[in-house]
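# Structural features, examined
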Amino acid sequence: MLAIKGGRPVRSEPFPSWPVWGREEEEMLLSALRSGVWGLGGQLVERFGEEFAGYAGCKHGVPCMNGTTALKIALKTLGIGPGDRVITTPYTFVATSSVLVELGAIPVYVDVVEGGVNIDSRLVWETIDSGVKAILPVHVGGHPVEMDLVLKASESLGVPVVEDAAEAHGAEWKGRRVGSLGVMGCFSFQSSKVMTSGEGGIITLNDSELAETCRALVNCGRSLGRDWYEGDLLGYNYRMTEFQAAILLSQLRRLDEQIERRQRNFEELARLCRDLEGFRLITPPHGTDRTPHYLVIIQADGEYFRGVSKQKIVEALRGEGVPASVGWPMPLYRFPPIKRYLEHHGVRVSQGEFPNTEKAASEFLFVHHRVLLGGRREVEDVYKALKKVEQHAGEMA
Ligand SMILES: Cc1ncc(COP(=O)(O)O)c(C=O)c1O
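Residues numbered from 1 in each chain as written. Predicted model: local features only at pLDDT ≥ 70, side-chain atom pairs only at ≥ 80, totals over all residues.

As a further point, take the overall build of the chain. Looking only at helices and strands, the chain has 13 helices and 14 strands in total. For 397 residues, the compact-globule estimate of 2.2 N^0.38 gives 21 Å, and the C-alpha radius of gyration of the chain, at 22 Å, lies within 12% of that figure. The C-alpha extent of the chain, read off along each of the three principal axes, is 70 × 55 × 35 Å. Within the chain, counting contacts between residues at least 6 apart in sequence, those at least 24 apart form 71% of the total. (Helix = DSSP H or I, 4+ residues; strand = E, 2+ residues; numbered from the N terminus. Rg over C-alpha atoms; globule rule 2.2 N^0.38 Å. Contact = placed C-beta atoms within 7 Å.)

Okay, structure coming up:
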């Protein structure tokens, strides 16, 4: 019997907790505290910027407050402003589009790939025209976007790509690190991410001039070589603190080992899940050399679970001890504030325009990456919970 109906759950002990920290974080935090320099003028933010940039395969890293501000600064640095059209995905966290709205730009949505989570690069290629000012793909759940046609579209029309890599630290597409594939990459270090300081963000890039503009915009518009209260740019105070950088420098040391563990466990989970009929594990696309598996994304087949809501399926999995969530239940073009904004700008989405996004929003659920940080037992428990819930699908309708 399902645990939500009074049966025994598959798993009663918790999965590994997140975040993971230890002596390294404690020592680094204390040293930041004892330095007496907690903000401007400290060494750690700069050091973290350099180290993370190197990790992402880039020359420059501009740390900032969070992933949302990283996206905003990256787009603003490229001059994206009112009325500018930016190709992006409707299947993502709201911040990817809210920054466009904030800048007055118009999101031009294209569908995701069939059965997958990422923007369909073939559609990017077909949609782009010379009026498009940027392409903003998202590496959802740490799965790299199939970038070939995105990059080809970008190169052929000279349209810059800003990668939303908020969920994809350390991911690799055809041997290249995510965050270094476009003109700029934007990462988040919010609490659930695969490396975290509670909040935090960074922009990674190779172009030195653009890096200087990003730095200035993050730091109230201050530019190198100008007096403290002078400058040409209207910027923001989006600076990272030394405490955040102290933790992130330590978190970065843990990342590779954790990615390897998650990759091993995911492979085992994928092997076990092959015999499932109602659930399908979404695997990273062809060309992925590495992924941090920020999210385990699972499709609950609509036909198989006919009459059972995604919410109910998630409740059943949680009852069995698996920390599942409904994920993004609504494509962004239907999210009320964005829908109103689009309509205000004369953009209307017609029924059936985004079939793959609609399917993803209605059928895909998320499980946090910490379930992959354990051993074989944890992997088997995720599988057993999925198996049990699908076997009892009839009782949930
Ligand atoms: C895809 C995506 N983009 C942007 C963000 C925004 O990052 P933050 O929460 O650090 O502002 C997040 C995460 O929260 C995200 O998952």
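With that settled, the discussion passes to the domain arrangement of the chain. Taken as a whole, the chain is organised into domain 1 (23-251) and domain 2 (255-396). Computed over C-alpha atoms only, the centres of domain 1 and domain 2 are separated by 25 Å. Elements with a contribution of two residues or more to the side of domain 1 that touches domain 2: helix H4 (95-103), strand E3 (106-109) and strand E6 (172-173). Counted by class, the side of domain 1 that touches domain 2 contains 16 nonpolar, twelve polar and seven charged residues. (Domains from an automatic or database assignment. Nonpolar A, V, L, I, M, F, W, Y, C, P; charged D, E, K, R; others polar.)

Residues in close proximity to the ligand total 14 residues, the closest being Asn66, Gly67, Thr68, Ala166 and Ser188. Put simply, the parts of the chain that give the shell around the ligand at least two residues each are helix H3 (67-77) and H4. By residue class, the composition of the shell around the ligand is four nonpolar, eight polar and two charged. (Near = placed C-beta within 6 Å.)

On to the nonpolar core. Formed by 116 residues in total, the largest nonpolar core has its most connected members in Cys64, Ala74, Cys186, Ile203 and Ile298. With eight residues, the top contributor of residues to this core is helix H8 (residues 242-273). Both domains that meet at this core, namely domain 1 (23-251) and domain 2 (255-396), each give it at least three residues. Once you skip the residues sitting within four places of it in the chain, cysteine 64 turns out to touch Thr69, Ala70, Ile73, Gly201, Ile202, Ile203, Val218, Tyr238, Arg239 and Met240. (Core = buried A, V, L, I, M, F, W, Y, C linked by C-beta atoms within 7 Å. Buried ≥ 20, exposed ≤ 12 C-beta atoms within 10 Å, placed from the backbone.)

In this section: the sheet that holds E6. In sheet architecture, strand pairing relies on hydrogen bonds along the backbone and comes in two forms, parallel and antiparallel. Taken in spatial order, the three strands make up an open sheet running E7-E6-E11, and their pairing is antiparallel. Because the sheet does not close on itself, it has two edges, and the strands there are strand E7 (176-177) and strand E11 (288-290). Across two bridges, the pairing between E6 and E11 is antiparallel. Looking at E11, one finds that glutamate 172 is bridged to arginine 290. (Pairing = 2+ DSSP bridges.)

Closest axis-to-axis distance for the helix H2 (residues 44-55)/H8 pair is 8 Å, and the angle between their directions is 35°. The two elements H2 and H8 cross, and the hand of that crossing is left-handed. Where H2 approaches H8, its residues Leu44, Val45, Arg47, Phe48, Glu51, Phe52 and Tyr55 are matched on the opposing element by Glu242, Ala245, Ala246, Leu248, Leu249 and Leu252. Taken together, the residues of the contact of H2 with H8 sort by class into ten nonpolar, no polar and three charged. (Axes fitted to C-alpha atoms, helices over the stretch in contact; angles between N-to-C directions. Left-handed = near helix turned anticlockwise from the far one by under 90°.)

Bringing H8 into the picture now. Spanning 32 residues, H8 covers 43 Å between terminal C-alpha atoms, matching the ideal 46 Å at 1.5 Å per step. Approximately 40° is the largest bend angle found in H8, and it occurs at leucine 255. (Expected span 1.5 Å × (residues − 1). Bend = angle between axes of the 7 residues up to and from the residue.)

Moving on, we come to the pairing of strand E12 (residues 295-300). Regular strands have side chains that alternate between both faces of the sheet. By the criterion of burial, E12 is predominantly enclosed, with six of the six residues buried. Residues of E12 alternate between two faces, with Leu295, Ile297 and Gln299 on one and Val296, Ile298 and Ala300 on the opposite face, all of them buried. Bridge analysis of strand E10 (residues 279-281) against E12 gives three bridges, and the strand direction is antiparallel. Its bridge partner being in E12, leucine 281 is matched across the sheet by isoleucine 298. Pairing between E12 and strand E14 (residues 364-368): five bridges, direction antiparallel. Across the sheet, residue isoleucine 298 finds its bridge partner in E14, namely leucine 365.

Between tryptophan 18 and the following residue, proline 19, the backbone shows a cis peptide bond with an omega angle of 5°. Note on placement: proline 19 falls in the segment before helix H1 (23-35). Of note, cysteine 220 is a non-glycine position whose phi angle comes to about 60°, a positive value.

Tracing the backbone shows leucine 255 in helix H8. Sequence separation between leucine 255 and valine 194 is 61 residues, and the spatial gap between their C-alpha atoms is 7.4 Å.

Next up on the list: the pairing of strand E2 (residues 85-88). Alternating positions in E2 separate into two faces, Arg85 and Ile87 on one and Val86 and Thr88 on the other, with burial throughout. Relative to E3, E2 runs parallel, the two sharing four bridges. Residue pairing in the sheet places arginine 85 in a bridge with isoleucine 106 of E3. Viewed along the sheet, the connection from E2 through H4 into E3 turns out right-handed. For E2 and strand E4 (residues 132-136), the ladder comprises four bridges, and the chain directions are parallel. Considered in E4, the bridge of threonine 88 is made with leucine 136. (Right-handed = clockwise from strand over helix to strand, strands pointing away.)

Our next topic: the sheet that holds strand E1 (residues 60-64). An order of E1-E9-E8-E5 is seen for the four strands of this open sheet, with the pairing classed as mixed. Two strands in the sheet have a free side with no partner beyond their single neighbour: E1 and strand E5 (162-164). The mean inter-strand angle of the sheet, taken between neighbouring strand axes irrespective of direction, is 20°. Where strand E8 (residues 184-188) lies against strand E9 (residues 201-205), five bridges are found, and the strand directions are antiparallel. Bridge pairing in E9 places cysteine 186 opposite isoleucine 203. Set on the sheet, H3 makes contact with E1, E5, E8 and E9; between it and E8 the angle comes to about 165°. Each of E1 and E9 is contacted by helix H7 (residues 208-218), which is oriented at about 10° to E1, the strand it contacts most.

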